[in-house]
Amino acid sequence: MSIELRHFRCFLAIADTLSVTRAAERLHLTQPAVSRTLRQLEQQLGVRLVDRSTHHLALTPDGESFRDQAAIAVTAFDRALRQARHTGWPLRLGHAWSAAGTDTTALLRRWHEEHPDTPLELLRIDDRTAGLARGDVDAALLRGEVRTPGLLTEQLTTEPRVAGLPADDPLAHRAALSLTELADRTIALNIVSGTTTLDLWPPHARPSATLTIGNTDDWLAAITGGRAVGVTTSATAEMHPHPSMAYVPLTDAAPVPVVLAWRDAPGHPRIPDLIALAREVMGPHRNHGWLPPDAGDGHYRSGHP
């Protein structure tokens, strides 16, 4: 028996759902057929991809490594079919949060004007590389240091860090804050795609209480609900204003780099054009400082960094 594309699709369905039952439903197959296909793949590869020793399925380390490669292979195959059928080849741009900030609209409109034959699809994917490493997108707008092997990056700009607070918090009306002033608070940490860790604080003033969340929506809900405070960048303040939220500049937190990333491998032929346009639209002009607008509706609290 040889490995076929159906083995890859079956494994990816299991990896995404961590359930043979749900994978079977997604693939419109029976559960025995899904289990049999997985066993065939493991036998051919000579490695165990899925740990079935507990009530809940989990990928083995080999399975985690194989997942990204399988996803890239399936994506490449599907794209080849679309090209052969003369359908459009959209350029998929991933992001985990806030995209290109307030430059997002300009980036999308400029692309449509200059490259009308290639749709630019913006996809939010809650993942450290916004789906880039596993082949879900062609390129990604990422924040912070990118350490994933096999990716190339170009820094476009930097964004200043701000504190996110409930609008009725005593600190929300301050013109600016320091990290140490947040040290006695519960800090909401996005461990999936965020850039904030406790290492941001000085060793002698690190917060002792944290609340772990997985995406920007949950981060906002935790703060507006009064359960925590947080640290983010100015793009979040610009893209996610909220009547129950205040953003206050931080004076002692280093700015966050914003990069465009792509795989170090043959990819979409329009990636160089995307790099050039992103550099032109975003550029370094965004790191000249940030002043939240003084809005009377409570969306922001004004102040100078």
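A. Inspection of the overall build of the chain at higher detail. From N to C terminus, the chain includes eight helices and twelve strands. Burial analysis of the chain (305 residues in total) assigns 48% to the buried set. By sequence separation, contacts in the chain at least 24 residues apart represent 71% of the contacts at least 6 residues apart. Roughly 14,800 Å² of accessible area belongs to the chain as shown, and the carbon and sulfur atoms make up 52% of that amount.

B. Focus on the nonpolar core. Core analysis: the largest hydrophobic core is formed by 21 residues, its most contacted members being F11, I14, V34, V50 and F66. Of all the secondary-structure elements, those providing two or more residues to this core are α1 (5-17), α2 (20-27), α3 (31-45) and α4 (61-84). A per-element tally of this core places α1 first, with seven residues. In this structure F11 touches L38, L41, L49, V50, L59, G63, F66, R67 and A70, once residues within four positions along its chain are discounted. Among the nonpolar cores identified, the runner-up in size contains 19 residues, and L93, L107, L141 and L277 belong to it.

C. Quick peek at the packing of aromatic side chains. Under the definition given, this model contains two aromatic pairs. Their ring planes at 80° and their centres at 5.4 Å tell us that F8 and F66 sit as a pair that is edge-to-face. One end of the pair, F8, is in helix α1; the other, F66, is in helix α4, with 58 residues separating them in the sequence. F8 gets classed as buried once you look at its relative accessible area, which sits at 17%. Each ring, one from F11 and one from F66, has its centre 5.4 Å from the other, and the planes form 55°; the classification is tilted.

D. Local environment of the sheet that holds strand β4 (residues 120-124). Taken together, five strands build an open sheet; the order of strands is β4-β3-β5-β12-β6 and the sheet is mixed. Among the strands making up the open sheet, the edge pair consists of β4 and β6 (151-159). Pairwise comparison of adjacent strand axes, ignoring direction, gives a mean angle of 25° for this sheet. Relative to the sheet, helix α8 (residues 271-281) contacts β3 (91-95), β4, β5 (139-143), β6 and β12 (256-263), its axis offset from that of β12 by approximately 165°.

E. Fine view of the pattern of salt bridges. Per the counting criterion, the structure on display carries 21 salt bridges. A salt bridge links R26 to D16; the nearest nitrogen and oxygen atoms lie 3.2 Å apart. One end of the pair, R26, is in helix α2; the other, D16, is in helix α1, and ten residues separate them in sequence. For D16, a relative accessible area of 43% puts it in the partly exposed group. Across the salt bridge formed by E280 and R110, the nearest N and O atoms sit 2.8 Å from each other. Remark: R110 occurs in helix α5 (residues 104-114) and E280 occurs in helix α8; sequence separation between them is 170 residues. For E280, a relative accessible area of 54% corresponds to the exposed category. Judged by relative accessible area, R110 falls into the partly exposed class, the value being 24%. Taken together, the shared-partner salt bridges in this structure form one network comprising D16, R26 and R67.

F. Main features of the confidence of the model for the chain. Averaged over every residue, the pLDDT of the chain is 87; the share at 70 or more is 90%. For residues 293-305, every residue scores under 50 in pLDDT, and the model assigns this stretch 39 contacts once sequence neighbours within four places are set aside.

G. Structural context of the packing of α1 against α3. It is at 9 Å that the axes of α1 and α3 come closest, and there the two elements cross at 110°. By the criterion of interaxial angle, the relationship of α1 to α3 is roughly perpendicular. Where α1 crosses over α3, the two elements pack in a sense that is left-handed. For the pair α1 and α3, contact is made by R6, H7, F8, C10, F11 and I14 and by V34, T37, L38, Q40 and L41, respectively.

H. Up close: unusual backbone geometry. The backbone phi angle of S98 is positive, close to 70°, even though this residue is not glycine. Take S98: its relative accessible area is 5%, and that puts it in the buried class. The phi dihedral of A130 falls on the positive side, at around 55°, and the residue is not glycine. With respect to the helices and strands, the residue A130 is situated in the loop between β4 and β5.

I. How the structure looks around the pairing of β12. The buried fraction of β12 is high, at seven of eight residues. With eight bridges joining them, β6 and β12 adopt antiparallel strand pairing. Counterpart to Q155 in the pairing with β12 is V259.

J. Local environment of the environment of G101. Here G101 shows up in the loop between β3 and α5. It is 9.1 Å that separates the C-alpha atoms of G101 and A237, two residues lying 136 residues apart in sequence.

Conventions we followed
- Residues numbered from 1 in each chain as written.
- Predicted model: local features only at pLDDT ≥ 70, side-chain atom pairs only at ≥ 80, totals over all residues.
- Heavy atoms only, no water.
- Helix = DSSP H or I, 4+ residues; strand = E, 2+ residues; numbered from the N terminus.
- Buried < 20%, exposed > 50% of the residue type's maximum accessible area, 1.4 Å probe, protein only.
- Contact = heavy atoms within 4.5 Å.
- Areas by Shrake-Rupley, 256 points an atom, 1.4 Å probe, with all protein chains shown as cover.
- Core = buried A, V, L, I, M, F, W, Y, C linked by side-chain atoms within 4.5 Å.
- Phe/Tyr/Trp six-rings, centres within 6.5 Å; stacked < 30°, edge-to-face > 60°.
- Pairing = 2+ DSSP bridges.
- Axes fitted to C-alpha atoms, helices over the stretch in contact; angles between N-to-C directions.
- Salt bridge = Lys/Arg side-chain N within 4 Å of Asp/Glu carboxyl O.
- pLDDT = per-residue confidence, 0-100.
- Parallel < 35°, antiparallel > 145°, perpendicular 65-115°, else oblique.
- Left-handed = near helix turned anticlockwise from the far one by under 90°.

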